[in-house]
Amino acid sequence: MTSALRRKAAQMASAAAAGTGCYSQTSWALRRLGAGGGALASAATRRRNCSVSAAAVFDNQNREYVIVGGGNAAGYAARTFVEHGMADGRLCIVSKEAVPPYERPALTKGYLFPPEKKPARLPGFHTCVGSGGQRQTAEWYKENGIEVLYEDPVEAFDGKTQTLKTSSGKILKYGSLIISTGCAAARLPEKIGGDLPGVHYIRDVADADSLVSSLGKAKKIVVIGGGYIGMEVAAAACGWNLDTTIIFPEDHIMPRLFTPSLAKKYEELYEQNGVKFVKGALIDKLDAGSDGRVSSAILKDGSVVEADTVIVGIGAKPSVSPFEAVGVNIEVGGIEVDSMFRTSIPSIFAIGDVAAFPLKMYDRIARVEHVDHARKSAQHCIETLLTSQAKAYDYLPYFYSRVFEYEGSSRKIWWQFYGDNVGETIEVGNFDPKIATFWIDSDSRLKGVFLESGTSEEFSLLPKLARSQPIVDKAKLKSATSVEDALEIARSSL
Ligand SMILES: Cc1cc2nc3c(=O)[nH]c(=O)nc-3n(C[C@H](O)[C@H](O)[C@H](O)COP(=O)(O)OP(=O)(O)OC[C@H]3O[C@@H](n4cnc5c(N)ncnc54)[C@H](O)[C@@H]3O)c2cc1C
Ligand SMILES: NC(=O)c1ccc[n+]([C@@H]2O[C@H](COP(=O)([O-])OP(=O)(O)OC[C@H]3O[C@@H](n4cnc5c(N)ncnc54)[C@H](O)[C@@H]3O)[C@@H](O)[C@H]2O)c1
Ligand SMILES: O=C1O[C@H]([C@@H](O)CO)C(O)=C1O
């Protein structure tokens, strides 16, 4: 391989010298050759008789494709580059993290199993294993000729000169730029104790490691936020037998998706596992004990909930910096793109959580902060970019969660939701273990569907229903005697 690469580099070097080669491929192929390549590189540079600035740009390492962000979407984008034979020597990933892309959902699931229950650890869950694909370890990136810069976040961006500056001071020139910077966890302000030792946020594997080490010593934990992180971390804490309290401002958990009635079923299950809820409550501040670590949460009504560990899951914010100039959508935040993930600036794309894209089915601009979209948007963007096919992304929203999966838990929870949670709802089943909720609009069209503890065949019906939005017989659906019966009624309306 090295000799083939050396030949390729030599060919490119002479092409570059003649002024006909692809700049970025040349420099990268030479870089892969290391010291020997360096000699070829300087020969090429000399022969080209370049100006100093051209040589400087050459040394500043031109890249044909640069992905900024090394998360879920980046991992799937890299795979698509490889599938099209366009990765080797052409692709660079600039990452803030210390490890190659991984399946982020694992961080609040298998990663938080207690030590005796075989927790998931890297390299076990690098992308693309979450969707049944290959496990792309650091070795995989090397073998496929993909350059990955670790722990070197992009700090500045200049669209005119097509350059990026990283925190270590590297200047990278790109041909095409793919922004996949995802989201960052929303934080409680420092002045109310949001940065105290023992207060955790969870977005990346370093955060998860820090949380695991706290859980190992914890006795009493407070989870702030009743969304995805709150639900998943509280369930994990049950596996560690910790005294757990969830505090949130709304009157039920998962307010973005669950109906009050659905939420009640899950809350009861959590309570059976010993979890306490403080609803309708806002945090006034987090207090520290004499050791400087967090010791309690003080609520706005003055009540105090003691805790030696606090996990904050109060939402995520799209990481648009330093790309604001590319165009941020004011309604949903994030970098605005079209149906092929192209931003308003030629050769700049945005994918995953950070992309504000046209959600064609519902005719609105949306950001979706879930892994299925991260994977599919990455694939769609890179495929259309590399094949020049003008195909619009037509996404069907899909969310899921899985908790209490560790061995020995009284029951497992796994649900899926497809579509849009708008309109009136019909709930069927009593959670023993199944329950289904159907969202139906004023024209009797099924818009969204939720199912807990389905079989794989039942789950596979959900996207068909949500995609085709059939008109359903509401009276018949309401009279369904079981989840199976309700799904059959919905299926017959397709
Ligand atoms: C704990 C947790 C659990 C989740 N569980 C689920 C689940 O069960 N199901 C589900 O559907 N979704 C889940 N999600 C959401 C899902 O993980 C995200 O939608 C998905 O990771 C988005 O992919 P992304 O590549 O857009 O962003 P990310 O995966 O967040 O990747 C963004 C990457 O960019 C890096 N970055 C940011 N700024 C810069 C910069 N300036 N320079 C370089 N790098 C930068 C970040 O460090 C990060 O590595 C979960 C999210 C979290 C945090
Ligand atoms: N299964 C999944 O899909 C999954 C799992 C984990 C995380 N995630 C993703 O990770 C990101 C973060 O998740 P999250 O659970 O933090 O966000 P979320 O939006 O799901 O939930 C945030 C919750 O925080 C609460 N809240 C908001 N502001 C608050 C405040 N000031 N004080 C107290 N509580 C407040 C509310 O109860 C709200 O429900 C999201 O993008 C989410 O989609 C997804
Ligand atoms: O999509 C996912 O990927 C990980 C894990 O399956 C990877 O092994 C996980 O927990 C998910 O929910």
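How each quantity is defined
Residues numbered from 1 in each chain as written. Chains lettered and ligands numbered in written order. Predicted model: local features only at pLDDT ≥ 70, side-chain atom pairs only at ≥ 80, totals over all residues. Heavy atoms only, no water. Pairing = 2+ DSSP bridges. Helix = DSSP H or I, 4+ residues; strand = E, 2+ residues; numbered from the N terminus. Buried < 20%, exposed > 50% of the residue type's maximum accessible area, 1.4 Å probe, protein only. Contact = heavy atoms within 4.5 Å. Near = heavy atom within 4 Å. Polar contact = N/O pair within 3.5 Å; in protein donor to acceptor, adjacent residues only side chain to side chain. Areas by Shrake-Rupley, 256 points an atom, 1.4 Å probe, with all protein chains shown as cover. Nonpolar A, V, L, I, M, F, W, Y, C, P; charged D, E, K, R; others polar. UniProt positions renumbered as here; feature names shortened; annotations may be inferred. Core = buried A, V, L, I, M, F, W, Y, C linked by side-chain atoms within 4.5 Å.

A. Here's a closer look at the sheet that holds strand β19 (residues 355-359). Overall, mixed pairing links the three strands, which are arranged β17-β19-β20 in an open sheet. At either end of the open sheet lies a strand with only one pairing partner, and these are β17 (335-336) and β20 (364-366). Taken together, the two bridges between β17 and β19 define a ladder with parallel strand orientation. Bridge pairing links Ile335 to Ala355 in β19.

B. Region of the structure containing the environment of Pro105. When you line up the elements, Pro105 lands in the loop between β2 (91-94) and α6 (138-143). In this structure Pro105 comes out as buried when scored by relative accessible area, which is 18%. Excluding its chain neighbours within four sequence positions, the residues that come into contact with Pro105 are Asn72, Val371 and Tyr400.

C. Seen up close, the site of ligand 2. Near ligand 2 lie 20 residues; those nearest to it are Ile229, Glu250, Gly315, Glu369 and His370. A distance of 3.1 Å separates an oxygen atom of ligand 2 from a polar atom in the side chain of Arg256. Here ligand 2, which alone exposes 830 Å², has 82% of that area covered by the protein. Those elements that place two or more of their residues in the shell around ligand 2 are α8 (228-239) and β21 (398-403). Ranked by residues supplied to the shell around ligand 2, first place goes to α8 with three residues. Here the residues of the shell around ligand 2 sort into nine nonpolar, seven polar and four charged.

D. Expanded view of the UniProt feature "domain: Monodehydroascorbate reductase 3-like C-terminal" (unreviewed entry) in the chain. As annotated in UniProt, the feature "domain: Monodehydroascorbate reductase 3-like C-terminal" (unreviewed entry) corresponds to residues 396-476 in the numbering used here. Helix makes up 20% of residues 396-476 and strand 38%, whereas the separation of the span's terminal C-alpha atoms amounts to 26 Å.

E. The nonpolar core, seen in detail. Ranked by size, the top nonpolar core spans 132 residues in total, and within it Phe258, Trp415 and Phe438 carry the most contacts. In this structure Phe438 touches Glu424, Thr425, Ile426, Val428, Leu446, Gly448, Val449, Leu477, Ala486, Leu487 and Ala490, once residues within four positions along its chain are discounted. Membership of the second largest hydrophobic core comes to 18 residues, among which are Val222, Ala281, Val294 and Val310.

F. Representation of unusual backbone geometry. The linkage connecting Thr127 with the following residue, Cys128, adopts the cis geometry, with an omega of 15 degrees. For Cys128, the position within the fold is in the loop between β2 and α6. Cis peptide bonds are those with omega within 30 degrees of zero, and the linkage from Ser321 to Pro322 qualifies with 5 degrees. By the element assignment, Pro322 lies in the loop between β16 (316-318) and β17. Positive phi, normally seen in glycine, also occurs at Asp363, with a value near 50 degrees. Along the chain, Asp363 turns up in the loop between β19 and β20. The class of Asp363 is exposed, set by a relative accessible area of 72%. The phi dihedral of Ser453 is positive, around 55 degrees, even though this residue is not glycine. When you line up the elements, Ser453 lands in the loop between β25 (446-452) and α11 (456-468). By relative accessible area, which is 6% here, Ser453 ends up buried.

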